[in-house]
Structures are given as C-alpha cells and as structure tokens.
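Residue strings, one per chain:
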Amino acid sequence: MVNARPVSFVIGLVLSKLALFMYVPTLVAFFTGTDGFLDFGLAVIITHVAAFLCLSLGRTKHFKLGVRDMFLITSLVWTIASAFAALPFVFINHISFTDAYFETMSGITTTGSTVLSGLDNMAPSILLWRSILQWLGGIGFIVMAVAVLPMLNVGGMRLFQTESSDWSDKSSPRAKTVAKNIVVVYLVLTGLCLLGYLATGMNLFDAINHSFTTLSTGGYSTSDGSMNHFSEGSHWVGTVFMFLGGLPFLLFVAALSKRDPRVLFNDAQVRGFGYLFLVASTVVALWLFIEDGYALDDAFRVSMFNIVSVVTTTGFGLEDFTAWGPLPSVVFAFMMMVGACSGSTSGGIKIFRFQIAVTLLHKQMMKLIHPSGVFVQRYNQRPVNDDIVRSVVAFGLMFFVTIIALAGALSAMGLDPTTSISGAITAVANVGPGMAQSLVQQETLLRCPMRQNGY
C-alpha cells in the first residue's frame, strides 16, 4: 500500500523549491522592465498554494518511504513539477498548456527539444526560466543516480550503491554530506563554465544561460542559431564542459576529498567514455577532412563538439551532421543511444551497461572454451552478481521495446522510417536533435525548429 502522506509531503517540498526558483526570472523581468513580471508572479502564487496544500496534507510524525513509494515519487515529481513549471510559458508566450508542458518536460529532463522560436527577441525572463529548468533537471538526474536508483536497483544501478544511497537514520548524515558536496561541485563547474563563456566573447546573460544548459547537458539556447551564433572559442568551452557534465559527479567529490584527480581516470566507466569520445570524434573529423574538404582544425572542432553533444544527450549542434555522409550518420545514430556515465547529468543507456555486457560476453566465451572453469564477472574491480546482470538486461530490453513502440506510433502517423526511428531514440534517450530526411519532417516530429539545435 502506498504511503500517501509522505508522498504528498515530498511533492510539496519540491513544489515549494520550484516556486523559490521562479523568483529569479520574476526579479529579472522587474529590474529589466521586460515582459513577464506579473505572469511569473501569478505562477509563483499558484505554485506556493499547491505546495502549501501538499505539505499540509502530507505532514506526519512517522515519515517512512518504501520501495513502491520511491518509485511513485520519482515519477510524480517529474510530472507534477513540470505541470506547474509550464505555467509561465502559458502566461507569457500564450501557447497551449500541451505545448507548454512539452517545453517544460523537455527542459526538466534535459532533452532540449523545443516548441518555441524567435528566441533572439524573446523576453529575458522566459529564456532564463528555460535554462533554470534544465539546470535543475541536471542536478535532479545526479540525485536520482546517486541516492534513489541504486536503492531501487533500477537498471543495474546497485553496482554504484554507496552510503549516499542509504536513507536510513544511521547513514543519513553521510548521505547529506555527499549530497551537499555534489551540489558544491555542480555550482563550481557551472561558475567555471560561465567564466569560460565570458572569456570567449559571450555577454553576461548569454553566458549565464548557456553555462546552465551546458553543464546540465540540456541544450537550450538564447538564440535560434544555437551555438552557431557564438565564437569558435565558445565551441571549445562547450565541448569541455559538456564532457565534464557527462562524468560521474560522485567521482568529482571523491577526487576533491582525496585531492587526487587519478580517482577519475582510474574509473572504468570514465575511461570507456573518454575512449569512445576520442575514437568517434577522430573518425568523424578525418571523414570531414578527407571527404568534405574541411580544414583539419575545423574538422576536429565541429566533430568533437557534435559528438560530445550527442553522446551526453545535450542537443547543441554545429551544422547538420546528417548531411555529412553515411559513416558520420551511422556514428551519430549509435551515439544517440549510448549516453555518458552513470551519476552524470546525461541521458541514454549509459556506458557502464555496455561495459557490463562486454564482460558478460567475455565470461560466456571463456565458458565455451573452458566448460569446467569458474569465471567471476567483474566490473571496476568489483564482482557483478546475477541481480545486476538481470537488471541491465531488463533495462536494455525495456529501452529498445519503448523505442520500437514509439517509432511504430510515429510511423503510423505518416512519418518516414528515418524520422520515426531517430525521433523515438532522441525522445527516449533525452537527446533533442534527431535524424530526419527533411527539416520540415523533423520540425513536425519534434515540434522543434532545427535552428534551436544549430541546424
């Protein structure tokens, strides 16, 4: 049986914090004298009232959450928070609630697809709100990966279970410390990204927005031209911080506490992500240099930016990578599903699940060669039990079944196979851009002007 009171209380807490973040664009609208002050004020009041009701109904002396409660909270927090966060889009942009909810869910899940255009002339308050949503969504992904999903053993996440995943009274002080350190790391990296963008020519407003959406691997921009609107130096800054956003934040905390950066490099998942990024970027860059006549430095800049943007499911883009030829298209199709590291702000399947699959394949091959041998499957120098393997297999099966079902539904609506399949992948993996046969079809599918993703 679901504990309704604790669930209501947690939702109330989330809504109260969401309302507090709404004050930021409200103040921006007030001090800049632009649109949005009264609209955000109304959204703040509605969200505060809903939060107060949920907190009042959910207040209890005995606060205990079971596994089913945690599953329910994980789903409800995203869906309910998105409903209230969508209100400013309805009030300011005068779009339907359906479109506003799409925009908000795309932001909070750091997908990056958008229904909005004319970003260059849009009210600063709503542009900042979009970026804040993605920034909050990024830290939300990290909290789920570190504290919630390992406890629920979702998709093999128990492999990363630490004391920060244990919400018991015994381990709660440790969990709070780890959570606080992760937030500090997130803030520091956001600040460094902001400084990097400022140093490469962005104005303060653009730098703030893009630092939020880069580190959160979200992809929202303040311009219809996306990152094409800014300098080549900003492309390199974006590449670096998208890559950092794809790393496990718990390892950042460990590296800082031990004052040893080798903690990051010694992790199998980080090494796998790094090798994948370098190999894929080099292959695409050489293709652009040899086949498409790019200068070598431009080829590496464009390929590395696009590869890291897709593999971290950010969604920023430079040029239309679907026009580069068959080999890059295949590479990007694979990258759209992979995702970066667990415990990062990225979506996708995640590198570690592929690595566990490889270790399972190696174990099975050895069993065929040595039938009487005993082989222990290991990952990151830790044994991988059958429960983790089953969770990984179940997650992978569910991932691809969902893509097939969604692609089938899209094709039934009259979209071509390429658009249907890439649209399903980009939605399920939280990537943003897809691979359509025409830009018109892509806009119809994602309800997203390709200019937003740099196309």
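About the criteria used
- Residues numbered from 1 in each chain as written.
- Predicted model: local features only at pLDDT ≥ 70, side-chain atom pairs only at ≥ 80, totals over all residues.
- Heavy atoms only, no water.
- Helix = DSSP H or I, 4+ residues; strand = E, 2+ residues; numbered from the N terminus.
- Buried < 20%, exposed > 50% of the residue type's maximum accessible area, 1.4 Å probe, protein only.
- Contact = heavy atoms within 4.5 Å.
- Areas by Shrake-Rupley, 256 points an atom, 1.4 Å probe, with all protein chains shown as cover.
- Polar contact = N/O pair within 3.5 Å; in protein donor to acceptor, adjacent residues only side chain to side chain.
- Patch = residues over 30% accessible without salt bridge, like charges linked within 9 Å, V, L, I, M, F, W, Y side chains within 5 Å.
- Salt bridge = Lys/Arg side-chain N within 4 Å of Asp/Glu carboxyl O.
- Expected span 1.5 Å × (residues − 1).
- UniProt positions renumbered as here; feature names shortened; annotations may be inferred.
- Phe/Tyr/Trp six-rings, centres within 6.5 Å; stacked < 30°, edge-to-face > 60°.
- Lys NZ or Arg CZ within 6 Å of the ring centre and 35° of its normal.
- Axes fitted to C-alpha atoms, helices over the stretch in contact; angles between N-to-C directions.
- Parallel < 35°, antiparallel > 145°, perpendicular 65-115°, else oblique.
- Left-handed = near helix turned anticlockwise from the far one by under 90°.
- Nonpolar A, V, L, I, M, F, W, Y, C, P; charged D, E, K, R; others polar.

A.B. asks: What should I look at first to understand the overall build of the protein chain in this one?
C.D. replies: Counting secondary structure elements, the protein chain contains 18 helices and two strands. Counting every position in the protein chain, which comprises 455 residues, the buried fraction comes to 53%. For the protein chain, restricting intrachain contacts to residue pairs at least 6 apart in sequence, the fraction spanning at least 24 positions comes to 68%. If you sum the accessible surface of the protein chain, you get close to 20300 Å²; carbon and sulfur atoms cover 69% of it.

A.B. asks: Just checking my understanding: could you explain the side chain of Thr 222 for this structure?
C.D. replies: Checked against the element boundaries, Thr 222 lands in the loop between helix H8 (204-215) and helix H9 (232-245). For Thr 222, the side chain forms a polar contact with the side chain of Asp 206, separated by 2.7 Å.

A.B. asks: It is not clear to me how a nonpolar patch on the surface should be interpreted in this structure. Could you clarify?
C.D. replies: Judged by side-chain polarity, Leu 20, Tyr 23, Leu 27, Phe 30, Phe 31, Phe 37 and Leu 38 come together as a nonpolar surface patch covering roughly 780 Å² of accessible area. Of all the secondary structure elements, the ones that give two or more residues to the nonpolar patch are helix H1 (4-32) and helix H2 (37-58). Relative to the helices and strands, Tyr 23 resides in helix H1. In this structure Tyr 23 comes out as partly exposed when scored by relative accessible area, which is 38%.

A.B. asks: Got a minute to help me understand the environment of Ser 344 in this structure?
C.D. replies: With respect to the helices, strands and loops of the structure, Ser 344 is situated in the loop between helix H14 (326-338) and helix H15 (351-369). Sequence separation between Ser 344 and Gly 246 is 98 residues, and the spatial gap between their C-alpha atoms is 5.1 Å. Every residue in contact with Ser 344, bar those within four places of it in the chain, is listed here: Phe 141, Ile 142, Gly 245, Gly 246, Leu 247, Pro 248, Phe 249 and Lys 350. At 2.6 Å, the side chain of Ser 344 forms a polar contact with the backbone oxygen of Cys 341. Polar side-chain contacts of Ser 344 include one of 2.9 Å to the side chain of Ser 346.

A.B. asks: Quick question: what am I supposed to make of unusual backbone geometry here?
C.D. replies: If a residue is not glycine, its phi is most likely negative; likewise, a peptide bond is most likely trans. Positive phi, normally seen in glycine, also occurs at Thr 217, with a value near 50°. Turning to its location among the elements, Thr 217 is positioned in the loop between H8 and H9. On the basis of relative accessibility, which here comes to 0%, the residue Thr 217 falls in the buried class. Despite not being glycine, Lys 350 has its phi angle at roughly 90°, a positive value. On the secondary structure map, Lys 350 appears in the loop between H14 and H15.

A.B. asks: Teacher, can you tell me more about helix H13 (residues 296-311) here?
C.D. replies: In an α-helix, one turn spans 3.6 residues; hence positions three or four apart end up facing the same way. In this model H13 runs 22 Å from its N-terminal to its C-terminal C-alpha over 16 residues, within 8% of the 22 Å that 1.5 Å per residue would give. For H13, a buried count of 12 out of 16 residues is recorded, marking the element as mostly surrounded by other parts of the structure. Just beyond H13, the residue with positive phi is Thr 313, at close to 60°.

A.B. asks: What am I meant to see in the UniProt feature "binding site: K(+)" (unreviewed entry) in the protein chain here?
C.D. replies: Following the UniProt record, the feature "binding site: K(+)" (unreviewed entry) maps to Thr 110, Thr 111, Gly 218, Thr 313, Thr 314, Asn 430 and Val 431 here. Across 322 residues of sequence, these annotated residues stay compact in space, with a maximum C-alpha separation of 8.7 Å. In this fold, Thr 110 is placed in the loop between helix H5 (97-108) and helix H6 (124-152). When sequence neighbours within four positions are dropped, the list of residues in contact with Thr 110 reads Gln 134, Gly 137, Gly 138, Phe 141, Ser 216, Thr 217, Gly 218, Thr 313, Thr 345 and Asn 430. Tracing the backbone shows Thr 111 in the loop between H5 and H6. Since its relative accessible area comes to 7%, Thr 111 is described here as buried.

A.B. asks: For this particular structure, what's the right way to read H8?
C.D. replies: Under the 1.5 Å per step criterion, the end-to-end length of H8 is 16 Å for 12 residues, consistent within 8% with the ideal 16 Å. Counting buried positions along H8 gives nine out of 12 residues, so the element sits mostly inside the fold. Taken as a whole, H8 has its buried residues at Asp 206, Ala 207, Asn 209, His 210, Ser 211, Phe 212, Thr 213, Thr 214 and Leu 215. Residue Thr 217 follows H8 closely and has a positive phi angle near 50°.

A.B. asks: Would you explain the pattern of salt bridges in this entry?
C.D. replies: Two side chains with opposite charge may pair up if their charged atoms get near one another. One pass over the structure, following the stated rule, counts five salt bridges. Note that Arg 130 is salt-bridged to Glu 103, the shortest N-O span being 3.0 Å. With Arg 130 in helix H6 and Glu 103 in helix H5, this pair connects stretches of sequence that are 27 residues apart. Of the two residues, Arg 130 and Glu 103, neither departs from the other in class, the shared state being buried. The closest approach of N and O atoms between Arg 390 and Asp 387, which form a salt bridge, is 2.4 Å.

A.B. asks: How do you make sense of the packing of aromatic side chains when you look at a structure like this?
C.D. replies: Note on aromatic pairs: each is described by the distance of the centres and the angle between the planes. What the rule picks out here adds up to 16 aromatic pairs. Ring centres of Phe 321 and Phe 332 lie 4.2 Å apart, and the angle between their planes is 15°; on these two criteria the pair is classed as stacked. Within this pair, whereas Phe 321 is found in the loop between H13 and H14, its partner Phe 332 is found in helix H14, the two being separated by 11 residues in sequence. Across the pair, exposure class does not vary: Phe 321 and Phe 332 are buried alike. Aromatic rings pair up to connect Trp 135, Tyr 186, Phe 212, Phe 249 and Phe 252 into one cluster. Positioned over the ring face of Tyr 220 is Arg 130, at 3.9 Å from the centre of the ring. Here the basic side chain of Arg 353 rests over the ring of Phe 395, its NZ or CZ set 3.7 Å away from the ring centre.

A.B. asks: Explain the packing of helix H3 (residues 67-85) against H5 here, please?
C.D. replies: A packed helix pair is summarised by two numbers, namely the angle formed by the two axes and the spacing between the axes. Where H3 contacts H5, the two axes come as close as 8 Å, and the packing angle between them is 125°. With respect to H5, the element H3 is oriented oblique. For the pair H3 and H5, the crossing hand works out as right-handed. Contact residues: H3 offers Trp 78, Thr 79, Ala 81, Ser 82, Ala 83 and Ala 85, while H5 offers Phe 97, Tyr 101, Thr 104, Met 105 and Ile 108.

A.B. asks: Just to check I follow, could you spell out the packing of H1 against H3 for this structure?
C.D. replies: Running from amino to carboxyl end, H1 crosses H3 at an angle of 30°, the nearest separation of the two axes being 10 Å. Handedness of the H1/H3 crossing: right-handed. Counted together, Val 7, Val 10, Ile 11, Val 14, Leu 15, Leu 18 and Met 22 of H1 and Asp 69, Leu 72, Ile 73, Leu 76, Val 77, Ile 80, Ala 81, Phe 84 and Ala 85 of H3 form the full contact between these two elements. Within the contact of H1 with H3, the residues separate by chemical class into 15 nonpolar, no polar and one charged.

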